[in-house]
Amino acid sequence: MRRPATVLVLWLAGLAVLVASAAAVITIGPSDLSASDVIRSVSARLAGTDSGLTRIEEGIIWNLRLPRALMAALAGAGLGLCGVILQSLLRNPLADPYILGISSGASTGAVLIVVLGVGAGAVGLTGGAFAGALLAFGFVMVLAFASGGTTDRVVLAGVAATQLFSALTSFVVYIAADAEQTRGVLFWLLGSLADIRWSDVAVCAVVVCLGLALCLLHTSSLDAFTFGQDSAASLGVDVARTRLVLLGATALMTAVIVSTCGAIGFVGLVLPHAARALVGGRHRVLVPTTALMGAIFLVWIDAVSRTVLAPQELPIGVATALIGVPAFVGLLLRREWTR
């Protein structure tokens, strides 16, 4: 295990890399912006002075690229936290919201709101996604434990839930959406940060920060769950309450991220393992490290997604899958996890 001073240095370095990454990706694109322009614009906005940039340049930074970079960071951090929670509580190294069908359930709930017009605005969209995420997770848990509750059964139940809710989403779009809605929904379902607004960033920031705070408050409990729920109960952990709080936080974070960014897979699977390799398995260190790594990872993945096929945009969910699937295969082939 790394010393606290070393971990603190790693966190500070990670924060510096995150800030530098956000500033760098804002400069990527057809407009001629430099990192110094971005820093000058942000500094001037905070100080209430004139940055010297044109209104178009200010608009590109503040209305397009900065909220998009911040949302990518928040989504990456939130999905990483979801992976940490699910892998710890379920004692399953292959658990994440995408593989367990939670993202598919959230997508179904959000699409119902969009296509059928039930509810209104961001609150209605998030509420629908949250209900869908809870329903999908409940389905996975019931099916998994009814069939034995082992690690492989949870994964298989997640596969079944993913297929079921993906089919429901397709069915709703097929019977209720017009051609324009269908194109928009299908592109969004693959993951997109193209139309992020500051209100979306604000909602996601509140929810992800709440999820991070809850994880940090329950790090000892998450450590205890590493040895199983019976061991956690013997160590004084209120198993039912802890699961309810943390799984509810997972569903809420997944719902907010899916309702704003679409389904982005494999971030919650890969990043917790990368963080464990870097700082070990103690959750007091693992949780913030995973959040930082997830934020940096998705900021750069989004930058690549919007430039690799320019002027077209590659859906960010496709990019994460291209990276995540090989990592998933590697995890499956780890002998100690497939016994």
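Computed from a prediction, not measured in an experiment: that's the story for all the values here. (Residues numbered from 1 in each chain as written. Predicted model: local features only at pLDDT ≥ 70, side-chain atom pairs only at ≥ 80, totals over all residues. Heavy atoms only, no water.)

Quick look at the side chain of Ser88 now. Inspection of the secondary structure puts Ser88 in helix H3 (residues 55-89). For Ser88, a relative accessible area of 6% puts it in the buried group. (Helix = DSSP H or I, 4+ residues; strand = E, 2+ residues; numbered from the N terminus. Buried < 20%, exposed > 50% of the residue type's maximum accessible area, 1.4 Å probe, protein only.)

This brings us to the packing of helix H4 (residues 102-116) against helix H11 (residues 239-261). Interaxial distance between H4 and H11 falls to 9 Å at its minimum, and their mutual angle equals 55 degrees. When the interaxial angle is binned, H4 and H11 end up oblique. Handedness of the H4/H11 crossing: right-handed. On H11, the residues that touch Ile102, Ser103, Ala106 and Ser107 of H4 are Thr254, Ala255 and Val258. Residues of the contact of H4 with H11, tallied by class, amount to four nonpolar, three polar and no charged. (Axes fitted to C-alpha atoms, helices over the stretch in contact; angles between N-to-C directions. Parallel < 35°, antiparallel > 145°, perpendicular 65-115°, else oblique. Left-handed = near helix turned anticlockwise from the far one by under 90°. Contact = heavy atoms within 4.5 Å. Nonpolar A, V, L, I, M, F, W, Y, C, P; charged D, E, K, R; others polar.)

A cluster of nonpolar side chains, contributed by Phe139, Leu143, Leu164 and Leu168, occupies part of the molecular surface with about 290 Å² of accessible area. For the nonpolar patch, the elements supplying multiple residues, two or more each, are helix H5 (121-146) and helix H6 (151-176). The topology assignment puts Phe139 in helix H5. Overall, Phe139 belongs to the partly exposed group, its relative accessible area being 31%. (Patch = residues over 30% accessible without salt bridge, like charges linked within 9 Å, V, L, I, M, F, W, Y side chains within 5 Å. Areas by Shrake-Rupley, 256 points an atom, 1.4 Å probe, with all protein chains shown as cover. Salt bridge = Lys/Arg side-chain N within 4 Å of Asp/Glu carboxyl O.)

Here the second largest pocket is characterised by a volume of approximately 420 Å³. Tyr98, Ser166, Leu189, Leu190 and Ala263 are the residues nearest the centre of the second largest pocket, which is lined by 22 residues in total. Per-element accounting of the lining of the second largest pocket gives the leading share, seven residues, to H6. Taken together, the residues of the lining of the second largest pocket break down into ten nonpolar, twelve polar and no charged. (1 Å grid on protein atoms, 1.4 Å probe; cavity = no way out; pocket = protein on both sides within 12 Å on 5 of 7 lines; lining within 4 Å. Points joined across faces, edges and corners; volume = space filled by probe spheres on them.)

To continue, consider the nonpolar core. Inside soluble globular proteins, nonpolar side chains tend to come together where they are buried. Formed by 91 residues in total, the largest nonpolar core has its most connected members in Leu86 and Val111. In terms of residues, this core owes the most to one element, H3, which gives 18 residues. (Core = buried A, V, L, I, M, F, W, Y, C linked by side-chain atoms within 4.5 Å.)

Here the focus is the packing of H3 against H11. At a minimum axis separation of 9 Å, H3 and H11 run at an interaxial angle of 150 degrees. By crossing handedness, the relation of H3 to H11 is classed as left-handed. In this structure, H3 uses Met71, Ala75, Gly78, Leu79, Leu81, Cys82, Ile85, Leu86 and Leu89 to contact H11, whose residues at the interface are Arg243, Leu246, Leu247, Thr250, Met253, Thr254, Ile257, Thr260 and Cys261.

Between its first and last C-alpha, helix H12 (residues 267-279) extends 18 Å over 13 residues, near the 18 Å set by a 1.5 Å rise per residue. All of the buried residues along H12 are Val267, Gly268, Leu269, Leu271, Pro272, His273, Ala275 and Val279. Note on H12: the residue one or two positions beyond its end, Gly280, has a positive phi of about 95 degrees. (Expected span 1.5 Å × (residues − 1).)

By the definition in use, this model includes two cavities of 30 Å³ or more. There is about 40 Å³ of room inside the largest cavity. Contributing to the lining of the largest cavity are Val25, Arg65, Arg68, Ala69, Val299, Asp302, Ala303 and Arg306. Elements that contribute at least two residues to the lining of the largest cavity include exactly H3 and helix H13 (283-305). A breakdown of the residues in the lining of the largest cavity according to their chemical character gives four nonpolar, no polar and four charged. What lines the second largest cavity is Gly265, Phe266, Val267, Val270, Phe297, Thr320, Ile323 and Gly324. Looking at the lining of the second largest cavity, the elements that each hand over two or more residues are H12 and helix H14 (316-333). Top element by residues in the lining of the second largest cavity is H14. It accounts for three residues.

Attention now moves to the packing of aromatic side chains. Per the counting criterion, the structure on display carries two aromatic pairs. Ring centres of Tyr98 and Phe266 lie 5.5 Å apart, and the angle between their planes is 45 degrees; this geometry places the pair in the tilted category. Here the residue Tyr98 occupies a position in the loop between H3 and H4, and Phe266 occupies one in the loop between H11 and H12, the gap between them amounting to 168 residues. The exposure class of Phe266 is buried, given its relative accessible area of 11%. Here Arg45 stacks its cationic end above the ring of Trp62, 4.2 Å away from the centre of that ring. (Phe/Tyr/Trp six-rings, centres within 6.5 Å; stacked < 30°, edge-to-face > 60°. Lys NZ or Arg CZ within 6 Å of the ring centre and 35° of its normal.)

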